[in-house]
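# Topology and contacts: notes
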Amino acid sequence: MNRLTTAINPASPTFADNRAAYLDLVATLRERQQWAIDGGERRQKSIDRHHSRGKIMVRDRIDLVTDANTPFLEFSTLSAWGQYEDEAPGAGIVTGVGLVHGVPWVFIANDATVKGGSLLPTSIKKHVRAQEIAEENSLGVIYLVDSGGAFLPRQDEIFPDKDHFGGGFYRQARMSAMGLPQLSVVLGGCTAGGAYVPALSDEVIMVEGIGRIFLGGPPIVKAALGEIIDADELGGAVKHTRVSGVSDYLAQNEREAYGKLREICETTNQRRVDQRQDWLDWTEPEAPAYPADDIYGIISADDRIPYDATEIIARLVDGSRFATFKPEWGESIVTGFARIHGHLVGVIANNGIIFSESALKATHFIELCEQRRVPLLFLQNTSGYMVGSESEAGGIAKNGAKMVAAVANATVPKYTVLIGGSYGAGNYGMCGRGFNPRFLFAWPNSRIATMAADTAETVLVDIRMGGMLGAETSDEELAEIRSSIRGQYETQSDPYYATSRLWDDGLIDPVDTRDALGLCLSLAARQPKPAAGPGLVYRM
Ligand code: COA
């Protein structure tokens, strides 16, 4: 593969301006991530109380379980950002992938310093999403349980529906049956529904003095049966390990529990992260030829000024080598083969609006990757498919639909990164959340919405004027419509609004993207060759 050349001049004033603006975005990201770790209204009191009970903070727990000096890819750190009166940093649950004896595991760990680790609607979504990632990537799950169970005031949003609390147990039971180990360490409360997390696990460790499991806590037992009993006597670690058998191992403290957990992991017979299957071509990784932090200077501070996706690709892929597919046709989409941390991957990246030719080129390229069993990486930066009479006459609707259908039916692993705009049907054709990429990450400069704020404002004013209320709409009302729609679209297309609601698996710094994708690809490479998909019928 040939090395890409670059037209970027890091000494130019534009580069310096862009870089300064992007460094502000990165600083904001880091600040907000720190908020997820230790911020939030009245949080310090909870943290102090947690420590005073001799308990370890959630991320330190994960650190004690995972192999020393190995990365932990945390998902959706900023979930719940701006929601729940800012009282639920990270939605009170930490999820991600980490290595234990070289084997990748999904971690689902409650943060008891946030609402007692109870599960809000976003926490449930995060729990279920982590299980979905585990299942799709054939990973066992480690549950570090310290939770008040369902967040009772919002029970209608977490209990009854598909993919609510029940969906988590459904997945847990089925993953165990698939041979994906489900292991629990009980480090706090597991009440009512919460009791089923350990109870459905393959092996359970309970920590004396802090771990408790009961279907009904002491107040419920008192109310129902008049029985007065202390929490440890009812469902503590000793009771469940020596009497009921709900737990398999008793640990005197957290550290002992994590040592035991690591020993259990050694017996689970799972593939290590470097035990690749041979369907996916792999060679020794090579660092990109251009520094990753050039990306800060490449992305325009003014999002109306486009930037060349090829320059981004050159800073993400091995050796900046890229075998471009069909470079002289449909130029608003860049397609080609590259390697990320040694894994062969087909890259589809936007250079702005998607025209018919670009849609057809992308469709053709997806077919190539399907035929060759090569994973797909989508780099989204588009305002959507081209509109207008010429475009419609050229069949943009059917050509865009071919791309959307090809993405929907591709069975090779798919990964998506929002590196800029993700608007309209461009989001679908470029493998947005609805198209089930295995992972979807977003950069802090990204934007996601049906359309840009100014377009939405124009469309809604036109609709109002053309409709039944048009004739009686005053100028003041029009101004009010404009301003409220603009405000709404600006708020809702913000990447923090998106990540808060788990429309992605996390906001990441552009310089970390290559490593994150490398880990994601290595998870797929452990798995058997993906089965070929059904034959497609194109509407020509
Ligand atoms: N729903 C809503 N809020 C809950 C909650 C739940 N299930 N469990 C805990 N919380 C909240 C508390 O109201 C408190 O909120 P605040 O910080 O705004 O005051 C915070 O979490 C901490 O709870 P607290 O009881 O002070 O902490 P603790 O460490 O002493 O005890 C638990 C933690 C989980 C053992 C205890 O809160 C508990 O038993 N919760 C209820 C468990 C339950 O019955 N769940 C039913 C699940 S179906």
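You'll find the structure just up there.
These notes cover the structure that comes with them. Note that residues are indexed from 1 along each chain, following the sequence as it is written. Side-chain atom pairs in this predicted model are given and counted only at pLDDT of 80 or more, local residue features only at pLDDT of at least 70, and totals for whole chains, interfaces and linings cover all residues. Just so you know, side-chain values use all the structure's heavy atoms and leave hydrogens and water out.

### Overview of the packing of helix 13 (residues 356–372) against helix 15 (residues 396–409)
Relative orientation of the contacting elements helix 13 and helix 15 amounts to 25 degrees, with a least axis distance of 8 Å. Looking at the two axes, helix 13 sits roughly parallel to helix 15. Handedness of the helix 13/helix 15 crossing: left-handed. The segment helix 13 lies against helix 15, with Ser356, Ala359, Leu360, Ala362, Thr363, Ile366 and Glu370 engaging Ile396, Asn399, Gly400, Lys402, Met403, Ala406, Val407 and Asn409. Counted by class, the contact of helix 13 with helix 15 contains 8 nonpolar, 5 polar and 2 charged residues. To obtain an axis, a line is fitted to C-alpha atoms, over the contacting stretch when the element is a helix, and the angle between two such axes runs from 0 to 180 degrees between their N-to-C directions. The helix and strand labels rest on DSSP assignments: H or I over at least four residues marks a helix, E over at least two residues marks a strand, and numbering proceeds from the N terminus. Roughly parallel means an angle under 35 degrees; roughly antiparallel, over 145; roughly perpendicular, 65 to 115; everything else is oblique. The crossing is said to be left-handed when, going from far helix to near helix, the turn is anticlockwise and less than a right angle, and right-handed when the turn is clockwise. Whether two residues are in contact is decided by their heavy atoms: any pair within 4.5 Å suffices. As a working rule, the residues Ala, Val, Leu, Ile, Met, Phe, Trp, Tyr, Cys and Pro are called nonpolar, Asp, Glu, Lys and Arg charged, and the rest polar, with Gly in that last group.

### Some details on the site of the ligand
We call a residue near a molecule or strand whenever a single non-hydrogen atom of that residue lies within 4 Å of it. In the vicinity of the ligand there are 14 residues, among which Arg49, Arg53, Lys115, Gly148 and Ala150 approach most closely. Backbone polar atom of Leu152 to a nitrogen atom of the ligand: 2.9 Å apart, as the coordinates give it. Computed on the free molecule, the ligand has an accessible area of 870 Å², of which 59% lies beneath the protein chains in the complex. Considering only residue class, the shell around the ligand consists of 5 nonpolar, 5 polar and 4 charged. Polar contact is defined as a pair of N or O atoms within 3.5 Å, subject to the rule that within protein one atom must be able to donate a hydrogen and the other to accept it, and that residues adjacent in sequence are counted only when both atoms are side-chain atoms. Areas reported here follow the Shrake-Rupley algorithm with a probe of radius 1.4 Å; residue values treat only the protein chains shown as occluding.

### Section: empty space enclosed by the protein
Only protein atoms enter the 1 Å grid, on which a cavity is a set of points fitting a 1.4 Å probe that cannot get out and a pocket is an open set with protein on both sides within 12 Å along at least 5 of 7 lines, lining residues being those with an atom within 4 Å of a point. Grid points are joined across faces, edges and corners, and a volume is the space filled by probe spheres set on the points. Following the criterion strictly, the structure yields 2 cavities of 30 Å³ or more and no others. Size it by volume and the largest cavity reaches roughly 80 Å³. Lining the largest cavity are Ile108, Asn110, Leu119, His127, Tyr143, Leu144, Val145, Ser147, Gly149, Phe165, Gly194 and Val197. Elements represented by at least two residues in the lining of the largest cavity include exactly strand 3 (103–110) and strand 4 (140–147). Ranked by the residues each element gives to the lining of the largest cavity, the list is headed by strand 4, at 4 residues. For the lining of the largest cavity, a count of residues per class yields 7 nonpolar, 5 polar and no charged. Empty space within the second largest cavity amounts to approximately 40 Å³. If you trace the second largest cavity, you find it lined by Ile124, His127, Val128, His164, Phe165, Gly168, Phe169 and Val197. Of all the secondary structure elements, the ones that give two or more residues to the lining of the second largest cavity are helix 4 (121–136) and helix 5 (165–177). Of the residues assigned to the lining of the second largest cavity, the class counts are 5 nonpolar, 3 polar and no charged.

The values are spatial; any link to function lies outside them.
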